[in-house]
Amino acid sequence: MAGLLQDTSTRIDTLVEKLRTRGHRITPQRLAILKVLVASEAHPSVDQVYDQVKAAFPTTSLATVYKTVSIVKAMGEALELEFSQGSNRYDGKKPYPHPHVICTQCQKIIDYETVEIDAMVTKIKQATGFEIDNHRLDFYGICTTCQKSQTS
Ligand SMILES: [Zn+2]
Ligand SMILES: [Zn+2]
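If you're wondering where the values come from, they're calculated on a predicted model, not measured in any experiment. Counting starts from 1 at the beginning of each chain's written sequence and moves along it residue by residue. For this description, chains carry letters from A and ligands carry numbers from 1, given in the order in which they are written. Local features in this predicted model are restricted to residues of pLDDT 70 or higher, and side-chain atom pairs are both shown and tallied only at a pLDDT of 80 or more, whereas totals for entire chains, interfaces and linings draw on every residue. Excluded from the side-chain calculations are hydrogens and water; all other atoms, namely the structure's heavy atoms, are used.

### Considering helix α5 (residues 115-128)
Two residues of an α-helix separated by three or four positions point the same way, owing to the 3.6 residues in each turn.
So, step 1. Over its 14 residues, α5 runs 20 Å from end to end, which matches the ideal 20 Å to within 8%, given 1.5 Å per residue.
So, step 2. Counting of polar contacts relies on pairs of N or O atoms within 3.5 Å, with two restrictions inside protein: one atom must be capable of donating a hydrogen and the other of accepting it, and residues adjacent in sequence are counted only when both atoms are side-chain atoms. Secondary structure follows DSSP: runs of H or I at least 4 residues long count as helices, runs of E at least 2 residues long count as strands, and numbering of each begins at the N terminus. Here α5 starts with a cap whose side-chain oxygen sits 3.0 Å from the backbone nitrogen of E116, and that cap is T114.
So, step 3. G129, located one to two residues past α5, shows a positive phi value of around 75°. Helix span is expected to be 1.5 Å times the residue number reduced by one.

Here's what the structure looks like:
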């Protein structure tokens, strides 16, 4: 657990440095947004990040959260999961492509990482000659919590 916290603060330092290099000011609000993005495993929407940051910094605007999230995304430091229905969700903890398992009832999103994906990417490269630099793999279903509430 200590290692995990260390990793998070190192990521924050790196992000702050990258933002500064690009000429962005680091306000306490912006720092709080980065912290929520990097620490959250729940793949929050911009609104959800806003709610968390607003609790500590009531003067934070939704526009600031949008702007900061889009800058972080543009730097390749957060994965954006777009949905045709519902809000886009963000993974700032794992900014690289990985499979997601999504509950169609409560919109919970969890990560599922497996080496089989790497093997598949290698096969696709060989079969198509493509340089593969991204992929999106979503599995939809009903999470265990929603299954329980259905049967009771
Ligand atoms: Zn669910
Ligand atoms: Zn994820």
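### Considerations on the confidence of the model for the protein
So, step 1. Scored from 0 to 100, pLDDT records how confident the predictor is in each individual residue. Mean pLDDT over the protein works out to 92, with 95% of the residues at or above the 70 mark.
So, step 2. In the model of the protein, helix α1 (residues 2-21) stands out as the element of lowest mean pLDDT, 81, in contrast to strand β2 (residues 89-91), which has the highest, 97.

### Considerations on the coordination of the zinc ion (ligand 1)
By definition of the ideal shapes, a tetrahedral metal site with four donors has angles of 109.5 degrees and an octahedral site with six donors has angles of 90 or 180 degrees.
So, step 1. As a rule, N, O and S atoms within 2.8 Å of a metal are its donors, except that Na, K and Ca use 3.2 Å; water is not among the atoms, so sites may look incomplete. Taken together, the protein donors to the zinc ion (ligand 1) comprise C103 (SG), C106 (SG), C143 (SG) and C146 (SG), at separations of 2.2 to 2.3 Å.
So, step 2. Here a site with four donors is tetrahedral if all angles are between 85 and 135 degrees, and a site with four or six donors is square planar or octahedral if opposite donors are over 155 degrees apart and the other angles are between 65 and 115; anything else gets the irregular label. For the zinc ion (ligand 1), the four donor atoms are set out with angles of 105 to 115° between them, so the coordination reads as tetrahedral.
So, step 3. For the zinc ion (ligand 1), the single-chain donor residues occur in sequence as C-x2-C-x36-C-x2-C. Linking C106 in the loop between β3 (100-103) and β4 (109-111) with C143 in the loop between β5 (138-141) and α6 (144-151), this pair joins segments that are 37 residues apart in sequence.
So, step 4. For the exposure calls, accessible area comes from a 1.4 Å probe over protein chains only, and a residue counts as buried if that area is under 20% of its type's maximum, exposed if over 50%, partly exposed in between. Residue C143 is classed as buried on the basis of its relative accessible area of 13%.

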